[in-house]
Amino acid sequence: MPKKIVSMLLTLLLLINFAIPFMALADDGVTVSGGEEPLVYSIEGNDITNALQNAFNYCNENIGPEYTITVPEGRYSVHYTLLVSDNTTLDLTNVVLVDDSYTGSSNIFITKSGVAAYEGTKNFKVIGGELTYVEGYTGVSCLVRMAHANNISFIGTSFTDNNESHHIELAACKDVTFEGCKFLNMTGSLSKTSGEALQIDILDEDTHFALMPEYDGTMNKNITVNNCEFSNLLRGVGTQSSFAGMYHDNIKITNCTFNNISSTAIACTNFINSTISGNKITNCGEGINFYMMKSESTLSKMCIVEGKGSINKNCNSVITNNNISVIRTSDASVASPIYIYGANITKDKNVSFPTGNYYVSNIRVTGNIMNSADCGIRMYDVRNSTFSGNKINGKTTNSGIYVDADSNSNTIKSNTVVGFENGINIKNKSDSNAVSSNNVSSQKKNGILVQEGCKSNSLSSNTISSVKNNGILVDRAKSTAVNSNKISKPTNHGVCLLEAEITTLNKNTISSAGANGIYLDAKTTIKELSSNNISSSKTNGVSAYGLINKISSNTFKSNQWGIYFAPKAKATIYNNTYTSNKKGSCYCAGSKNSYKFSNLGKPSPSLSQKSKTVTIKWKKVSNATGYEIYRATSKSGSYSKLATVSSKTLSYKNKSLKKGKTYYYKVRAVRKMNSVTSYSPYSAIKSIKIK
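Residues numbered from 1 in each chain as written. Predicted model: local features only at pLDDT ≥ 70, side-chain atom pairs only at ≥ 80, totals over all residues. Heavy atoms only, no water.

A. Focus on the overall build of the chain. Across its full length, the chain carries 2 helices and 71 strands. For the chain, the C-alpha radius of gyration of 38 Å lies well beyond 26 Å, the compact-globule estimate for 691 residues. C-alpha atoms of the chain, sized along the principal axes, occupy 150 × 55 × 50 Å. Residues classed as buried in the chain amount to 55% of the 691 residues present. In the chain, of all internal contacts separated by at least 6 residues, the share reaching a separation of at least 24 is 60%. Of the roughly 28,500 Å² that the chain leaves accessible, carbon and sulfur atoms contribute 46%. Considering the chain, the positive charge centre built from 71 side chains and the negative charge centre built from 48 side chains are found 37 Å apart. (Helix = DSSP H or I, 4+ residues; strand = E, 2+ residues; numbered from the N terminus. Rg over C-alpha atoms; globule rule 2.2 N^0.38 Å. Buried < 20%, exposed > 50% of the residue type's maximum accessible area, 1.4 Å probe, protein only. Contact = heavy atoms within 4.5 Å. Areas by Shrake-Rupley, 256 points an atom, 1.4 Å probe, with all protein chains shown as cover. Lys, Arg positive; Asp, Glu negative; His and termini not counted. Charge placed at Lys NZ, Arg CZ, Asp CG, Glu CD.)

B. How the structure looks around the packing of aromatic side chains. For the structure on display, the rule yields 26 aromatic pairs. Ring centres of Phe56 and Phe109 lie 5.9 Å apart, and the angle between their planes is 85°; on these two criteria the pair is classed as edge-to-face. One end of the pair, Phe56, is in helix H2 (residues 49-61); the other, Phe109, is in strand S8 (residues 109-110), and 53 residues separate them in sequence. Note on accessibility: Phe56 and Phe109 belong to one class, buried. Here Phe183 and Phe230 contribute two aromatic rings whose centre-to-centre distance is 4.6 Å and whose plane-to-plane angle is 5°, an arrangement assigned as stacked. Residue Phe183 is located in strand S16 (residues 182-186), and its partner Phe230 is located in strand S19 (residues 229-233); the two are separated by 47 residues in the primary sequence. Overall, Phe183 belongs to the buried group, its relative accessible area being 0%. (Phe/Tyr/Trp six-rings, centres within 6.5 Å; stacked < 30°, edge-to-face > 60°.)

C. Spatial organisation of unusual backbone geometry. With an omega of 10°, the peptide bond between Pro213 and Glu214 qualifies as cis. Locating Glu214 in the fold gives a position in the loop between strand S17 (196-201) and strand S18 (221-226). Look at Asn94: it is not a glycine, yet its phi comes out positive at around 60°. With respect to the helices, strands and loops of the structure, Asn94 is situated in the loop between strand S6 (88-91) and strand S7 (95-99). Under the relative-accessibility criterion, Asn94 is labelled exposed at 51%. Despite not being glycine, Ser558 has its phi angle at roughly 60°, a positive value. Relative to the assigned elements, Ser558 resides in the loop between strand S58 (555-557) and strand S59 (561-565).

D. Main features of the sheet that holds strand S64 (residues 606-610). Spatial strand order, S64-S65-S68: 3 strands in an open sheet with antiparallel pairing. Of all the strands in the sheet, the pair left with one neighbour each is S64 and strand S68 (651-654). Mean inter-strand twist for the sheet, computed between neighbouring axes without regard to direction, equals 20°. Of the strand pairs in this sheet, strand S65 (residues 613-617) and S68 are connected by 4 bridges, and their pairing is antiparallel. The residue of S68 that forms the bridge with Val614 is Asn654. (Pairing = 2+ DSSP bridges. Axes fitted to C-alpha atoms, helices over the stretch in contact; angles between N-to-C directions.)

E. Region of interest: the environment of Val144. Secondary-structure assignment places Val144 in strand S11 (residues 144-147). On the accessibility criterion, Val144 (1% relative accessible area) is buried. Along the sequence, Val144 and Lys413 sit 269 residues apart, while their C-alpha atoms lie 43 Å from each other.

F. Structural context of the state of the cysteines. What the rule picks out here adds up to 0 disulfides. Unpaired in this structure, Cys268 has its nearest cysteine sulfur neighbour in Cys315, at a distance of 11 Å. No disulfide involves Cys303; its sulfur sits 17 Å from that of Cys173, the nearest cysteine. (Disulfide = S-S within 2.5 Å.)

G. Structural view of the environment of Ile369. Residue placement: Ile369 occurs in strand S33 (residues 369-372). Accessibility expressed as a relative area gives 36% for Ile369, which makes it partly exposed. As a C-alpha pair, Ile369 and Ser325 span 44 residues in sequence and 8.4 Å in three-dimensional space. In this structure Ile369 touches Asn322, Asn323, Ile324 and Lys391, once residues within four positions along its chain are discounted.

H. Spatial organisation of the side chain of Ser77. Along the chain, the position of Ser77 falls in strand S4 (residues 74-78). Exposure remark for Ser77: the relative accessible area of 9% places this residue in the buried category. When neighbours within four sequence positions are excluded, Ser77 is seen to be in contact with Asn46, Asp47, Ile48, Thr49, Val98 and Asp100.

I. Expanded view of the pattern of salt bridges. Using the criterion set out here, one finds 11 salt bridges in the structure. Salt-bridge contacts for Asp475 lead to Arg476; the nearest nitrogen and oxygen are separated by 2.9 Å. Using a relative accessible area of 16% as the deciding quantity, one classes Asp475 as buried. The partly exposed category is assigned to Arg476, whose relative accessible area is 36%. Among the charged side chains, a salt-bridge network with shared partners connects Asp86, Lys112 and Lys122. (Salt bridge = Lys/Arg side-chain N within 4 Å of Asp/Glu carboxyl O.)

J. Broad picture of the nonpolar core. Ranked by size, the top nonpolar core spans 152 residues in total, and within it Phe178 and Phe230 carry the most contacts. Those residues within four positions of Phe230 in sequence are excluded, and the remaining contacts are Phe183, Ala197, Leu198, Val225, Gly236, Val237, Cys256, Thr257, Phe258, Asn259 and Ile261. (Core = buried A, V, L, I, M, F, W, Y, C linked by side-chain atoms within 4.5 Å.)

K. The arrangement of the confidence of the model for the chain in detail. Taken as a whole, the chain shows an average pLDDT of 92; of its residues, 94% reach a score of 70 or greater. Every residue in residues 1-26 scores below 50 in pLDDT, and together they form 13 contacts with partners more than four places removed in sequence or on other chains. (pLDDT = per-residue confidence, 0-100.)

L. Structural view of the pairing of S33. Alternating positions in S33 separate cleanly, Met370 and Ser372 being buried on one face and Ile369 and Asn371 remaining unburied on the opposite face. Pairing geometry for strand S27 (residues 323-326) and S33, over 3 bridges, is parallel. Across the sheet, Ser325 pairs through a bridge with Asn371, a residue of S33. Both S33 and strand S37 (residues 391-394) contribute to a ladder of 4 bridges, which runs parallel.

M. Fine view of a positive patch on the surface. Together, Lys610, Lys617, Lys653 and Lys655 make up a region of like positive charge exposed at the surface. Examined against the element boundaries, Lys610 turns out to sit in strand S64. By relative accessible area, Lys610 is classed as exposed at 68%. (Patch = residues over 30% accessible without salt bridge, like charges linked within 9 Å, V, L, I, M, F, W, Y side chains within 5 Å.)

N. Quick look at H2. For H2, spanning 13 residues, the distance from its first C-alpha to its last is 18 Å, which sits close to the expected 18 Å at 1.5 Å a residue. All of the buried residues along H2 are Thr49, Ala51, Leu52, Gln53, Ala55, Phe56 and Cys59. (Expected span 1.5 Å × (residues − 1).)

O. Focus on the side chain of Thr239. Assignment of secondary structure puts Thr239 in the loop between strand S20 (235-238) and strand S21 (248-254). Aside from chain neighbours lying at most four places away, what touches Thr239 is Glu196, Ile200, His248, Ala267, Thr269 and Phe271.

P. Up close: the pairing of strand S13 (residues 158-162). Summarising burial for S13: 4 of the 5 residues are buried, a large majority. Here strand S10 (residues 130-133) pairs with S13 via 3 bridges, running parallel. Of the residues in S13, the one forming a bridge with Leu131 is Phe159. Direction of pairing for S13 relative to S16: parallel, over a ladder of 4 bridges. Within S16, the residue paired with Phe159 across the bridge is Phe183.

Set out below in structure tokens:
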């Protein structure tokens with residue numbers, strides 16, 4: 001080639017290099033592709049700050065195509081916060097970006113500010129890479145900060161080594177995905193930070209997320225965190241701050257692992273239409289917290305947006321198929337695998353936001369496996385929700401399922417609860433809960449406990465075994481139904497009732513109680529106690545000190561007494577089955593006289609007629625103190641009691657009957673002992689036509 005031509009080419013290259021100093025070979029710089037020609041921005045040593053920001057600026061200034069920014073493999077320093085671009089994929093495969101600004105308030109990436117709603121940065125994706133802080137960093141900022149952004153993704157990215165703040169903060173964002181990311185290593189103290197590695201936040205100019213306007217109350221929507229790892233952190237993922245009556249919508253935290261989290265793995269504050277599923281939580285101070293209102297000690301920190309917000313009546317959220325193991329740590333006030341909290345904010349709280357009941361409604365907690373150092377599932381002011389199919393194990397002095405503070409109309413079914421103080425504990429005005437088909441065993445005190453101030457709770461078809469006190473304890477609660485439960489080997493009573501009001505206590509099977517099958521104190525009332533099977537109690541099948549309106553069709557086997565009535569007990573008793581009870585069938589203790597008794601025999605009446613009078617006769621029934629005579633005008637009709645006669649009277653005349661009409665009669669024997677009345681079965685029905 002002629003020397004002149006070579007000289008001209010060299011001159012041209014020098015001019016190009018002078019005019020465009022940021023251009024470099026693809027292998028040496030940050031490459032932007034997607035436009036007409038790839039652009040390459042040179043990296044200054046290991047400082048990638050200017051090169052990467054220039055690439056973002058180019059993508060923002062040349063709106064149109066979707067760009068890909070590729071960073072060559074390596075470890076690079078970032079000296080100031082980088083504003084990311086729209087419609088961009090950032091490929092950080094095998095790249096480490098280190099924030100080494102030491103300013104204490106810098107980020108590696110930030111989205112646009114000064115925008116409203118979801119109108120900020122949009123369509124930005126990061127693939128791979130690691131974002132971290134320089135060793136010795138002592139600031140309180142975060143690696144990535146996003147607000148008012150739309151359609152943001154991080155795929156396989158690691159966020160590591162922060163001091164006392166979050167790895168990522170996002171607020172007022174929509175359609176954000178974290179897939180296969182890692183959030184690792186955070187030191188510091190929760191006294192200085194709320195500490196979530198991935199914080200799903202709110203925008204409040206004075207309190208939270210400063211310097212990212214507009215502060216228009218936009219909430220997060222459609223946030224997905226899937227298959228991510230959270231390890232060695234203060235907190236994992238979630239939300240601490242909240243606007244009263246405003247909610248994050250469709251938050252999904254699924255298939256993630258959380259390990260060695262000193263406080264809460266997942267904190268959900270004001271989430272609706274959300275799913276927390278398939279996560280594995282190990283060695284954490286707390287598992288999953290779900291709040292519709294802040295706790296009373298933090299109400300002063302609640303935020304408001306003037307003119308916005310209303311109390312949500314339907315969370316429509318699911319916590320399912322998580323495997324949770326919690327331990328006691330200094331950063332966890334309540335070491336519960338699942339903690340659900342709502343609260344009634346009354347005027348006396350003197351809050352700056354609207355008062356009312358911010359309860360949790362329609363949350364479904366199903367199929368979770370839990371190992372707890374405190375409670376298993378703890379709920380406050382939770383309503384119309386379902387807790388089913390969970391397996392809860394503990395070695396603690398608290399409760400497996402703890403139902404507190406106006407938690408009403410919930411379904412608690414088919415859970416397995418092992419090794420707590422109380423298996424299921426209902427208290428503090430928690431009403432109308434259906435507790436059914438649970439398997440409760442090896443509790444240090446009671447299998448199921450219903451406490452003072454609670455009413456209309458139903459306990460049915462539960463299996464309770466090997467508890468150290470009572471199978472079921474109802475303590476000063478009202479209108480409780482206890483039906484079809486299977487209770488075996490309680491150290492004390494099968495069912496213990498203290499100042500309780502029981503509607504039905506039917507069809508329970510109680511075996512091998514250390515004391516009584518059923519015990520009720522002097523202030524307890526039971527409307528109906530029927531069809532129970534009570535066997536092998538060390539004391540009595542039933543020990544009654546209070547009032548039982550109806551005792552019928554029960555089976556008592558191998559107890560001391562089948563039924564024992566204390567001197568002031570009141571009851572009405574019908575036929576029951578008594579087999580091999582050591583002292584006898586029934587005993588009625590009195591201040592003057594006491595009685596042993598069993599079932600009364602059934603009378604066998606006969607009828608005769610003279611004129612318009614029917615005479616009913618029967619033979620004496622042993623131990624009867626009287627007889628009742630009933631009549632109806634059809635065999636299956638309504639029978640009216642004609643009379644009660646003494647034990648010495650064995651006939652009754654029914655006069656002034658109508659000629660040509662058929663009358664139907666039955667008789668039963670009665671025995672009255674102190675305040676206990678016992679009835680025989682009704683006799684066979686007899687009929688006669690008046691001639």
